[in-house]
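Structural overview for review
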Amino acid sequence: FDISELSEKSVPTQPDGVSPAHTDLVTYYRAHGGYQTAAALVNELMEARDERRLLRVQKQMAAVKLLIIDELGYMELDKRGAELLFQVLTEREEKASVAIATNQPFSEWTRTFTDPRLCAAIVDRLTFHGTIIETGTDSYRLAHTRQSVN
């Protein structure tokens, strides 16, 4: 698929280190300013809140055409950080696009978002009028390493 044409919410899901499509997605949006890992985004939101500049950071995020959040599901998010992420997603709902790269099915997102109601609300916002793209099951990095060894 052509990643530059993503125009709605999408949630690419794959095991760790999977797909060239994921690599292309990250490369494209790093260049266009809308890419962050989930941990970095939550940390930025929490720091902005602590420094009383949260509204400014939220406005900057709202201005990005497509916000890519990578590595969601690798670690549990602090409750307050998860709430701030929810605010970003809610602000973008039906206004701007979001793509989430994760290696976890939605049923396991309660490990990342420990409040079940918040987790359900986040999944609800991402999947309403969204597209879920499963990119495969083979590790791209492992296949590349095996190929270069042989």
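Conventions we followed
- Residues numbered from 1 in each chain as written.
- Predicted model: local features only at pLDDT ≥ 70, side-chain atom pairs only at ≥ 80, totals over all residues.
- Heavy atoms only, no water.
- Helix = DSSP H or I, 4+ residues; strand = E, 2+ residues; numbered from the N terminus.
- Buried < 20%, exposed > 50% of the residue type's maximum accessible area, 1.4 Å probe, protein only.
- Contact = heavy atoms within 4.5 Å.
- Axes fitted to C-alpha atoms, helices over the stretch in contact; angles between N-to-C directions.
- Parallel < 35°, antiparallel > 145°, perpendicular 65-115°, else oblique.
- Left-handed = near helix turned anticlockwise from the far one by under 90°.
- Nonpolar A, V, L, I, M, F, W, Y, C, P; charged D, E, K, R; others polar.
- Pairing = 2+ DSSP bridges.
- Right-handed = clockwise from strand over helix to strand, strands pointing away.
- Phe/Tyr/Trp six-rings, centres within 6.5 Å; stacked < 30°, edge-to-face > 60°.
- Expected span 1.5 Å × (residues − 1).
- Arc of directions from axis to C-beta.
- Salt bridge = Lys/Arg side-chain N within 4 Å of Asp/Glu carboxyl O.

Considerations on the overall build of the chain
If you tally the helices and strands in the chain, you get 6 helices and 5 strands. The helix and strand sequence of the chain, counted from the amino end, reads β-α-β-α-α-β-α-β-α-β-α. By residue count, 43% of the 150 residues in the chain fall in the buried class. Of all intrachain contacts in the chain linking residues separated by at least 6 positions in sequence, the fraction that spans at least 24 positions is 82%.

Brief notes about the packing of helix α4 (residues 79–92) against helix α5 (residues 116–127)
Packed helix pairs are specified by the crossing angle of their axes together with the interaxial distance, meaning the distance between the axes. At a minimum axis separation of 10 Å, α4 and α5 run at an interaxial angle of 25°. As summarised for this structure, α4 and α5 are arranged roughly parallel, according to the angle between their axes. For the element pair α4 and α5, the recorded crossing hand is left-handed. Residues Ala-82, Glu-83, Phe-86, Leu-89 and Thr-90 of α4 touch α5, and the partners they reach there are Leu-118, Ala-121, Ile-122, Arg-125 and Leu-126. When the residues that make up the contact of α4 with α5 are grouped by side-chain class, the tally is 7 nonpolar, 1 polar and 2 charged.

Re the pairing of strand β3 (residues 66–72)
By the criterion of burial, β3 is predominantly enclosed, with 6 of the 7 residues buried. Where strand β2 (residues 35–37) meets β3, 3 bridges bridge the pair, whose relative direction is parallel. Following the sheet pairing, Thr-37 is matched in β3 by Asp-70. Pairing analysis gives 5 bridges linking β3 to strand β4 (residues 97–102), with the strands arranged parallel. Each residue of the ladder has a partner; that of Ile-68, found in β4, is Ala-99. With respect to chirality, the unit in which β3 leads through α4 into the neighbouring parallel β4 is right-handed.

Points about the packing of aromatic side chains
Scanning the model with the defined rule gives 2 aromatic pairs in all. With a centroid separation of 4.9 Å and 70° between ring planes, the pair formed by Phe-106 and Trp-109 is classed as edge-to-face. According to the relative accessible area criterion, Phe-106 is partly exposed, its value standing at 25%. On the basis of relative accessible area, Trp-109 is assigned to the buried category, the value being 0%. Ring centres of Trp-109 and Phe-113 lie 6.0 Å apart, and the angle between their planes is 50°; this geometry places the pair in the tilted category. With a relative accessible area of 0%, Phe-113 lands in the buried category.

Notes on helix α2 (residues 38–50)
Counted at 1.5 Å a residue, the expected span for α2 with its 13 residues is 18 Å, and the 18 Å between its end C-alpha atoms agrees. Ala-38, Leu-41, Val-42, Leu-45, Met-46 and Ala-48 are the residues of α2 that are buried. Projection of α2 onto a plane perpendicular to its axis shows the buried side chains occupying an angular sector of 160°, all on one side. Just downstream of α2, Arg-52 is the residue with a positive phi angle, here 60°.

Focus on the pattern of salt bridges
For the structure shown, the criterion picks out 8 salt bridges. A salt bridge links Glu-83 to Lys-79; the nearest nitrogen and oxygen atoms lie 2.5 Å apart. Taken together, the residues span about one helical turn, with Glu-83 and Lys-79 both in helix α4 at a distance of 4 residues. In this structure Lys-79 comes out as partly exposed when scored by relative accessible area, which is 47%. In this structure, the salt-bridge partner of Arg-125 is Asp-124, at a minimum N-O distance of 4.0 Å. With a relative accessible area of 21%, Arg-125 lands in the partly exposed category.

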